[in-house]
Amino acid sequence: MGKVEQKLAELGLTLPEVAAPVAAYVPAVRTGHYVMTSGQLPFVGGTLRSSGKVGAEVTAEEAKELAQICALNALAAVKSVIGDLDKVEQVVKVVGFVASAPDFTGQPGVVNGTSELLGQVFGDKGVHARSAVGVAVLPLDAPVEVELMVRIRD
C-alpha cells in the first residue's frame, strides 16, 4: 500500500473497485503525463448511493458527502490506469456537476466534498483548478458527478 492509500486509510476510507461504465466509454485515459477520468457518479458497491436534485430530495450536506464518494471513484479510475496513486504529481483540474433544484446555488460547497478530500490526501499536490456547475439532471438521476485531471510521473 502506497502513501496515498495509507492516507486514505488514516481517514477511514478505502479505494473502491473501479465503477463500471454506464455507457460507451472507459473510466480513465492516460495521455502523456496526464490522466483524465470520465465523470464518476456516487456508486458504492455498484449501487448509486442517492438520487434526486440537490436542494430538493438531497441536502447540500448529503451531496457534499456524495462528492467525496465520486472523488474516491475517480481516484480508483486513475489507479486503474497508472497502478499506483503515489505517481500523482498534481491534481490539475476538478469538474463537478451538481443536479440542482431551480433555486439551489450552493454548487461550490457541494464540490468541496471532492476538493477537501483531495487536499487531505495529496496535500499541496491536491491543490487544483476547479469548476462547480449546476445542471438540470445527471445520468441515472445522480445528484453529483465528478471528473479529475491529474499529472503523473513515470
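Our structure is the block above this text.
These remarks concern the structure in this document. (Residues numbered from 1 in each chain as written. Predicted model: local features only at pLDDT ≥ 70, side-chain atom pairs only at ≥ 80, totals over all residues. Heavy atoms only, no water.)

Remark: helix α2 (residues 60-82) packs on helix α3 (residues 107-122), axes separated minimally by 7 Å, with the N-to-C direction vectors making an angle of 45°. Regarding the angle of α2 to α3, the classification is oblique. The two elements α2 and α3 meet at a crossing, and its hand is right-handed. Between α2 and α3, the residues in contact are Ala60, Ala63, Lys64, Ala67, Gln68, Ala71, Leu72 and Leu75 and Gly109, Val110, Val111, Asn112, Gly113, Thr114, Glu116, Leu117, Leu118 and Phe122, respectively. Grouping the constituent residues of the contact of α2 with α3 by class yields 11 nonpolar, five polar and two charged. (Axes fitted to C-alpha atoms, helices over the stretch in contact; angles between N-to-C directions. Helix = DSSP H or I, 4+ residues; strand = E, 2+ residues; numbered from the N terminus. Parallel < 35°, antiparallel > 145°, perpendicular 65-115°, else oblique. Left-handed = near helix turned anticlockwise from the far one by under 90°. Contact = heavy atoms within 4.5 Å. Nonpolar A, V, L, I, M, F, W, Y, C, P; charged D, E, K, R; others polar.)

Bridge count for strand β5 (residues 88-99) against strand β6 (residues 129-135) is seven bridges, and the pairing is parallel. Paired with Val95 across the two strands is Ser131, which belongs to β6. The parallel pair β5 and β6, bridged by α3, forms a crossover whose chirality is right-handed. (Pairing = 2+ DSSP bridges. Right-handed = clockwise from strand over helix to strand, strands pointing away.)

Time to look at a nonpolar patch on the surface. A surface patch of nonpolar side chains, amounting to about 260 Å² of accessible area, comprises Val22, Tyr25 and Leu140. With respect to the helices, strands and loops of the structure, Leu140 is situated in the loop between β6 and β7 (144-152). Note on Leu140: relative accessible area 51%, which makes it exposed. (Patch = residues over 30% accessible without salt bridge, like charges linked within 9 Å, V, L, I, M, F, W, Y side chains within 5 Å. Areas by Shrake-Rupley, 256 points an atom, 1.4 Å probe, with all protein chains shown as cover. Salt bridge = Lys/Arg side-chain N within 4 Å of Asp/Glu carboxyl O. Buried < 20%, exposed > 50% of the residue type's maximum accessible area, 1.4 Å probe, protein only.)

This part takes up the sheet that holds strand β2 (residues 34-37). By definition, the strands of a sheet pair up through backbone hydrogen bonds, in either a parallel or an antiparallel sense. If you walk across this open sheet you meet the five strands as β1-β2-β7-β5-β6, and the pairing is mixed. The open sheet has two edge strands with one neighbour each: β1 (28-31) and β6. The mean angle between the axes of side-by-side strands here comes to 15°, regardless of whether they run parallel or antiparallel. Relative to β7, β2 runs antiparallel, the two being bridged by three bridges. Bridging from a neighbouring strand, Tyr34 pairs with Arg151 of β7. Each of β1, β2, β5 and β7 touches α2; the most contacted strand, β7, lies at about 40° to it.

In terms of nonpolar packing, the biggest core is built from 39 residues, with Val88, Val110, Phe122 and Val144 touching the most fellow members. Elements that contribute at least two residues to this core include exactly α1 (3-10), α2, β5, α3 and β7. Per-element accounting of this core gives the leading share, 13 residues, to α2. Among all residues touching Val144, those that are not within four sequence positions of it are Gln40, Leu41, Pro42, Ala63, Leu66, Ala67, Cys70, Phe97, Val110 and Leu138. Core analysis: the second largest hydrophobic core is formed by seven residues, Ala19, Leu48, Ala99 and Ala142 among them. (Core = buried A, V, L, I, M, F, W, Y, C linked by side-chain atoms within 4.5 Å.)

Before going further, it helps to examine unusual backbone geometry. One non-glycine residue, Leu140, adopts positive backbone phi at about 60°. Phi at Asp141 is positive, roughly 65°, even though this residue is not glycine. Along the chain, Asp141 turns up in the loop between β6 and β7. The exposure class of Asp141 is partly exposed, given its relative accessible area of 31%.

Strand direction decides the pairing type here: β5 and β7, joined by nine bridges, are antiparallel. Note that in β7 the partner of Val98 across the bridge is Val144.

Let's shift gears to the environment of Ala9. With respect to the helices, strands and loops of the structure, Ala9 is situated in helix α1. Once the C-alpha coordinates of Ala9 and Lys93 are considered, the two residues, 84 residues apart in sequence, prove to be 24 Å apart.

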